[in-house]
Amino acid sequence: MSSFPHDDVIARGRKTVVRRKRMADAADEYAWRSDVELARFDASTPVRVPFEDYQRNWCFDIRFTDTAGRSFAVEDETGQHIGNIMYYNRNAARREAELGISIGRRDCWAQGYGTDAVAALVAQLFRTTDLQRLYLHTLDWNTRAHRSFRKAGFADCGSTWRHGHTFITMEVRRQWVTSEVSAGSVPA
Ligand SMILES: CC(C)(COP(=O)(O)OP(=O)(O)OC[C@H]1O[C@@H](n2cnc3c(N)ncnc32)[C@H](O)[C@@H]1OP(=O)(O)O)[C@@H](O)C(=O)NCCC(=O)NCCS
């Protein structure tokens, strides 16, 4: 029996649920986005603004931009918010988009949650949108991410160099994936 509101769930995996974000998620996200080690994994800069400022912008984005339709929370089997997953840079002509994920809770790393959430969202996107290809970039030394994305169906398709970092590009194509996962529809 689900405790989620009617259209809250975007995709269900075997051990994760990908759901729409809630205002209460802001505190977790602030903690994760301020974390120096987590920022290093995606070559970003950790957030340095006070929580109140972060929360104000975060709430604005969720209410008034299309962030809410593209960026989702990941929960484990117990309903705990363990990270976020998103798709962005959608190119309607090429029918492709970029995918990103961060499991913020360290105690949840390397237990299959990342693979499960990525596979669930990928299947759902291919089932409910016209996207033909999803791709992502991961730092060349991030072996855990690389292995996880491979298990979720992605294959290497090149590399890029940006701001002093080498990223491996990985992709998954619609025809490679059979849609086993069912849940709510993903915003177009
Ligand atoms: C990358 C991430 C999404 C992967 O999710 P996850 O749930 O931790 O990974 P999974 O358990 O699904 O798979 C991890 C794989 O890497 C292996 N692994 C775990 N720790 C590892 C390490 N330190 N070095 C190398 N491989 C490792 C696991 O054994 C597993 O592979 P296997 O099943 O073939 O043995 C998650 O760890 C995360 O968000 N990390 C922090 C931020 C980050 O790296 N984001 C990605 C930016 S592109």
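Quick note: structure is the one above.
Residues numbered from 1 in each chain as written. Predicted model: local features only at pLDDT ≥ 70, side-chain atom pairs only at ≥ 80, totals over all residues. Heavy atoms only, no water.

1. Quick notes on unusual backbone geometry
Its identity is not glycine, yet Ala-43 carries a phi of approximately 55 degrees, on the positive side. Along the chain, the position of Ala-43 falls in the loop between helix H2 (36–41) and helix H3 (51–64). Here Ala-43 falls in the partly exposed class, since its relative accessible area comes to 32%. Of note, the phi angle at His-163 is positive, near 50 degrees, even though the residue is not glycine. The topology assignment puts His-163 in the loop between strand S7 (155–162) and strand S8 (165–173). (Helix = DSSP H or I, 4+ residues; strand = E, 2+ residues; numbered from the N terminus. Buried < 20%, exposed > 50% of the residue type's maximum accessible area, 1.4 Å probe, protein only.)

2. Let's talk about H3
Counted at 1.5 Å a residue, the expected span for H3 with its 14 residues is 20 Å, and the 20 Å between its end C-alpha atoms agrees. All of the buried residues in H3 are Tyr-54, Trp-58, Cys-59 and Ile-62. Considered in projection along H3, the buried side chains sweep an arc of 130 degrees and stay on one side of the axis. Of the residues in H3, the exposed ones pointing more than 90 degrees away from the buried face are Arg-56, Asn-57, Arg-63 and Phe-64. Here the buried face of H3 lies against helix H1 (26–33). (Expected span 1.5 Å × (residues − 1). Arc of directions from axis to C-beta. Contact = heavy atoms within 4.5 Å.)

3. Observations regarding the packing of aromatic side chains
Under the defined criterion, the tally for this structure stands at 7 aromatic pairs. Here the aromatic rings of Phe-41 and Trp-141 are separated by 5.7 Å at their centres, their planes lie at 40 degrees, and the arrangement is tilted. Residue Phe-41 is located in helix H2, and its partner Trp-141 is located in the loop between strand S6 (133–139) and helix H5 (143–151); the two are separated by 100 residues in the primary sequence. Given the relative accessible area of 18%, Phe-41 is considered buried. Owing to a relative accessible area of 36%, Trp-141 belongs among the partly exposed residues under this scheme. Three or more aromatic residues joined by ring pairs make a cluster, and in this case those are Tyr-30, Phe-51 and Tyr-54. Over the ring of Tyr-113 we find Lys-15; its NZ or CZ atom is 4.4 Å from the centre of that ring. Here Arg-162 stacks its cationic end above the ring of Phe-167, 4.7 Å away from the centre of that ring. (Phe/Tyr/Trp six-rings, centres within 6.5 Å; stacked < 30°, edge-to-face > 60°. Lys NZ or Arg CZ within 6 Å of the ring centre and 35° of its normal.)

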